[in-house]
Amino acid sequence: MLQYGLYIAKCMEEMLEGAASVYLHADPTYGACDLHYGELDTTVKPDLIVHVGHSPYPAELAHEALEPRGRVVYVRALSKAELPLDALREAASILAGRYSVRRVGIATTAQHTHIARKAAEVLRGEGLEVAVPPGLRPYFGEAQVLGCDYRLARSVRAEGFIYVGGGVFHPLGLYLATLKPVVQVDPYRGASEDLTLQGEKLYRSRLYKVSQSIGARRWGVIVGLKTGQYRPWLVEKLARAIESAGGEYLLIASEVTTLSQLVAIDNSWFEAFTVTSCPRLPTDDFWSYEKPVLTPGEAIMALEGRLEPYRFPW
């Protein structure tokens, strides 16, 4: 989207008729949980933040007092990529043939929500029952999931899922959240791909990490400093669970947690870590670390001494 920033900024300058300065924020933004409120409010001090592309982040998943939220306007940005019908029909064939799925759920991200209904019509034409998850406030449209929020997908009665969108980040999270077959339909490549086996491998690796953490007494609890990733309710819950299990913990505050940071922090005292900022860091960035690094849901499993039911991400 940054390549279009010039045109967006110039349009705003024209509409404002010189009444305000317009900045294009060029730093990476990983979602609506990551709008850089803190540093912007101590430097540029914007009266308004216009965020293009992501839906608003659910307040219930973050710190309840999101003060800057009233100064943020979220602008929907829909992809021009068309729904690849042949790939969609192939995905339907994979689910029905390989996994005997008759009732399919559809999941996608903010930029593709406008084609969810069309995908459902095509799938019904292939003889499948289709569940399109309803819109959930504050999301822009139907069937939308986030990397850390799959409540909509779990709310429908489906035997398997078709994910419409690019990359494997969201569909692999969808598998962990539902443990049901997931086939991706990529509008950019015009192709379908069965990600179920990859999801199963990831799931087994996560269970191994949980098993390594059962009985751990000394925990590092990573607390996110990004406004949308600061979750005091979750930190408190994990602290109570660790204490109830007879353990100890250290709260580690970090805005951006990297592998090199974790290596620098780690020493022989720590037996396991859990990340309360972005639950995808353990599954995507720290999966190979020598000590277990768990999502909050996995940490609760370990502290309760169980491997099932699997809990992802919270």
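See the structure shown above.
Our subject in this report is the structure included herewith.

Conventions we followed
- Residues numbered from 1 in each chain as written.
- Predicted model: local features only at pLDDT ≥ 70, side-chain atom pairs only at ≥ 80, totals over all residues.
- Heavy atoms only, no water.
- Helix = DSSP H or I, 4+ residues; strand = E, 2+ residues; numbered from the N terminus.
- Rg over C-alpha atoms; globule rule 2.2 N^0.38 Å.
- Buried < 20%, exposed > 50% of the residue type's maximum accessible area, 1.4 Å probe, protein only.
- Contact = heavy atoms within 4.5 Å.
- Areas by Shrake-Rupley, 256 points an atom, 1.4 Å probe, with all protein chains shown as cover.
- Lys, Arg positive; Asp, Glu negative; His and termini not counted.
- Charge placed at Lys NZ, Arg CZ, Asp CG, Glu CD.
- Core = buried A, V, L, I, M, F, W, Y, C linked by side-chain atoms within 4.5 Å.
- Axes fitted to C-alpha atoms, helices over the stretch in contact; angles between N-to-C directions.
- Parallel < 35°, antiparallel > 145°, perpendicular 65-115°, else oblique.
- Left-handed = near helix turned anticlockwise from the far one by under 90°.
- Nonpolar A, V, L, I, M, F, W, Y, C, P; charged D, E, K, R; others polar.
- Pairing = 2+ DSSP bridges.
- Disulfide = S-S within 2.5 Å.
- Salt bridge = Lys/Arg side-chain N within 4 Å of Asp/Glu carboxyl O.
- Phe/Tyr/Trp six-rings, centres within 6.5 Å; stacked < 30°, edge-to-face > 60°.
- Lys NZ or Arg CZ within 6 Å of the ring centre and 35° of its normal.
- Right-handed = clockwise from strand over helix to strand, strands pointing away.

## With respect to the overall build of the protein
Assigned secondary structure in the protein consists of 11 helices and 11 strands. A compact globule built from 314 residues would reach a C-alpha radius of gyration of about 20 Å, and the protein, at 21 Å, matches this within 12%. Each of the three principal axes of the protein carries a C-alpha extent, and together these read 60 × 55 × 30 Å. The buried share of the protein, taken over its 314 residues, is 50%. For the protein, long-range pairs separated by at least 24 residues make up 65% of all intrachain contacts whose partners lie at least 6 apart in sequence. With the model as given, the accessible surface of the protein reaches about 15200 Å², and the carbon-plus-sulfur share is 54%. Measuring between centres, the 33 positive side-chain charges of the protein sit 5 Å from its 36 negative side-chain charges.

## Digging into the nonpolar core
Membership of the largest hydrophobic core comes to 51 residues, with the highest contact counts inside it found for Tyr57, Phe161, Leu174, Trp219 and Tyr310. The next biggest cluster of nonpolar side chains, apart from the first, holds 24 residues, and it includes Ile94, Leu95, Val101 and Val130.

## Quick notes on the packing of helix α7 (residues 196-213) against helix α11 (residues 296-304)
Remark: α7 packs on α11, axes separated minimally by 8 Å, with the N-to-C direction vectors making an angle of 45°. It follows that α7 is oblique to α11 by the angle criterion. As for how α7 packs across α11, the hand of that crossing is right-handed. On the side of α7, the interface is formed by Arg206, Leu207, Val210 and Ser213, while α11 contributes Glu298, Met301 and Ala302. Here the residues of the contact of α7 with α11 sort into 4 nonpolar, 1 polar and 2 charged.

## Digging into the pairing of strand β1 (residues 49-52)
The side chains of a regular strand alternate, residue by residue, between the two faces of the sheet. Of the two faces of β1, only one is covered, namely that formed by Ile49 and His51; the face formed by Val50 and Val52 stays uncovered. By the bridge criterion, 4 bridges tie β1 to strand β2 (residues 72-75) in an arrangement that is parallel. Counted as the bridge partner of valine 50 is valine 73 from β2.

## With respect to the state of the cysteines
A complete count under the given rule lists 0 disulfides for this structure. Not engaged in a disulfide, the cysteine cysteine 148 finds its nearest cysteine sulfur in cysteine 33; these two sulfurs lie 6.1 Å apart. A residue is classified by how much of its surface remains accessible, and cysteine 148, at 10% relative accessible area, is buried. Left unpaired, cysteine 278 is separated from the closest cysteine sulfur, that of cysteine 33, by 6.5 Å. The class for cysteine 278 is partly exposed, based on a relative accessible area of 22%.

## Some remarks on the pattern of salt bridges
Counted under the stated rule, the structure contains 19 salt bridges. The closest approach of N and O atoms between arginine 151 and glutamate 60, which form a salt bridge, is 3.0 Å. Here arginine 151 is found in helix α5 (residues 151-154), whereas its partner glutamate 60 is found in the loop between β1 and β2, with 91 residues between them in sequence. Using a relative accessible area of 31% as the deciding quantity, one classes arginine 151 as partly exposed.

## Describing the packing of aromatic side chains
A full pass over the atoms with the stated rule returns 6 aromatic pairs. Ring centres 6.4 Å apart and planes at 10° place the aromatic pair tyrosine 310 and phenylalanine 312 in the stacked group. Across the pair, exposure class does not vary: tyrosine 310 and phenylalanine 312 are buried alike. Three or more aromatic residues link up through ring pairs in this structure, and these residues are Tyr150, Tyr203, Tyr310 and Phe312. Across the ring face of phenylalanine 169, the terminal group of arginine 280 is positioned such that the distance to the ring centre comes to 3.9 Å.

## A closer look at the sheet that holds strand β6 (residues 182-186)
Sheet architecture is open: 5 strands sit in the order β4-β3-β5-β6-β7, paired in mixed fashion. Of all strands in the sheet, those with a lone pairing partner are β4 (129-131) and β7 (191-194), marking the two edges. Adjacent strand axes in the sheet meet at a mean angle of 25°, parallel and antiparallel pairs treated alike. Where strand β5 (residues 160-164) lies against β6, 4 bridges are found, and the strand directions are parallel. Along β6, the bridge assignment pairs isoleucine 162 with valine 183. Against the sheet, helix α4 (residues 116-125) touches β3 (103-108), β4 and β5, its axis set at about 160° to β3.

## Structural notes on the pairing of β3
Most of β3 is tucked away, with 6 of its 6 residues classed as buried. Burial along β3 is two-sided: the residues Arg103, Gly105 and Ala107 and Val104, Ile106 and Thr108 are all buried. Looking at chain direction, β3 and β4 are connected through 3 bridges and run parallel. When the bridges of β4 are listed, valine 104 appears paired with valine 130. Following the backbone out of β3, through α4 and into the adjacent parallel β4, one traces a crossover that is right-handed. Strand direction decides the pairing type here: β3 and β5, joined by 5 bridges, are parallel. By the bridge assignment for β5, threonine 108 is matched with valine 164.

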